[in-house]
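Summary of structural features
Chain by chain, the residues run as shown.
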Amino acid sequence: MALITISGYPCSGKSRRAQQIVSFIQEKLKDPEYNGPQLNVVLISDDSLNISRSAYDDSRSEKPARGALFTALQRQISLNNIVIVDTPNYIKGFRYQIYCAAREFKVRVCTVYVVATPERCREWNSARPESERYAPETLENLIQRYEEPSSMVRWDSPLFTVLWTDEDVPSVDIWKAITDGAVKPPNSGTLSVTKAPTDALVTLENTTLSIVSSIMSEQSALQGTGGTVQLSISSTLKPKVHLPARNLTLSELQRLKRQFVTVHKKAITLGTTERGHVDWEEDRIAEKFVVYLEERLKE
């Protein structure tokens, strides 16, 4: 249903803001005036995933930690959940990855940027229990590497900024964003690639060649007057094609065949993201090729 990404310096108060958001949303869902779908609020954090603060000490340990976070996020994203990701999310590339996952599941998104000064973060970090504390050098490294969210980029917007001095988060605006905001459709970069069957190239070549040969045989009966003829490709495949009022040459048909095969060969070898629209059966290829010929022969 929605994905809320919390971002900010380590020890900037992100978890407190996340809890404020959770409390507000749960109250809204229990409100008698709420008549929307039944939703669950899921909070994902380093603590909920048992990720130690030491995981951020170096890139070797941080990479699997981010992988575990992303896997957990993908499991929870659904039309029935409001997922709140309470982790540093300091790399814009990772925020973009989260955004793409949300688009694939067709859920609304927003980003909450929790702002605190580095001095305040150092103070709060030192006040934590040792098990929840970042090593001083790790904290400094994360602050230096932090990539600030921007409302100008699609993966960070809509963006809500909360200062460390604010009493509360802009709960009403966040609620509106996750319930009434636009749902962006998946793009090609977020869709899985569907591969054609191994014999698709052979079927493509043989079917189009048979249609060209059959047209050359059948058009003689029309004597250049044009019209619709039924081609006999096999006992089960007999497509109809409307021919123009002129004699078609073999070279013309072969040229159109090559163009059609070239376009579709790319989809076969590289795959396609057209979910539910890929069919490399002989009858579908014949149908597409006949439509292609009819359109080109009108020109």
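What counts, and where the lines are drawn
- Residues numbered from 1 in each chain as written.
- Predicted model: local features only at pLDDT ≥ 70, side-chain atom pairs only at ≥ 80, totals over all residues.
- Heavy atoms only, no water.
- Phe/Tyr/Trp six-rings, centres within 6.5 Å; stacked < 30°, edge-to-face > 60°.
- Helix = DSSP H or I, 4+ residues; strand = E, 2+ residues; numbered from the N terminus.
- Buried < 20%, exposed > 50% of the residue type's maximum accessible area, 1.4 Å probe, protein only.
- Pairing = 2+ DSSP bridges.
- Axes fitted to C-alpha atoms, helices over the stretch in contact; angles between N-to-C directions.
- Contact = heavy atoms within 4.5 Å.
- Domains from an automatic or database assignment.
- Expected span 1.5 Å × (residues − 1).

Take the packing of aromatic side chains next. Scanning the model with the defined rule gives nine aromatic pairs in all. Between Phe70 and Phe94 the ring centres are 6.4 Å apart and the planes differ by 65 degrees, which places this aromatic pair in the edge-to-face class. Of this pair, Phe70 sits in helix α2 (residues 59–76) while Phe94 sits in helix α3 (residues 92–104), placing them 24 residues apart in sequence. Pairing Tyr96 with Trp155 gives two aromatic rings, centres 5.3 Å apart and planes at 80 degrees, and the pair type is edge-to-face.

What follows covers unusual backbone geometry. Here Ser157 and Pro158 are connected by a cis peptide whose omega angle stands at -5 degrees. Tracing the chain through its elements places Pro158 in the loop between α5 (136–145) and β5 (159–163). Positioned with a positive phi, Cys11 is a non-glycine residue whose angle comes to about 65 degrees. Here Cys11 shows up in the loop between β1 (2–8) and α1 (14–30). Classification of Cys11 by relative accessible area gives buried; the value is 4%.

So, about the sheet that holds strand β3 (residues 81–86). Adjacent strands of a sheet form backbone hydrogen bonds with each other and so pair up, either parallel or antiparallel. The parallel open sheet is built from five strands, whose spatial order is β2-β3-β1-β4-β5. In this open sheet, the two strands that pair with only one neighbour each are β2 (40–45) and β5. For this sheet, the mean inter-axis angle between neighbouring strands, taken without regard to orientation, is 20 degrees. Pairing analysis gives five bridges linking β1 to β3, with the strands arranged parallel. Paired with Ala2 across the bridge in β3 is Ile82. The strands that α3 touches are β1 and β4 (108–115); relative to β1, the one it contacts most, it runs at about 175 degrees.

Now for the domain arrangement of the protein. When cut into domains, the protein gives domain 1 (2–179) and domain 2 (199–298). Between the C-alpha centres of domain 1 and domain 2 there is a distance of 54 Å.

On to α3, then. Its 13 residues give α3 an end-to-end C-alpha distance of 18 Å, which sits within 8% of 18 Å, the value for a rise of 1.5 Å per residue. The set of residues buried in α3 consists of Phe94, Arg95, Ile98, Tyr99, Cys100, Ala101, Ala102 and Arg103. Residue Lys106 follows α3 closely and has a positive phi angle near 60 degrees.

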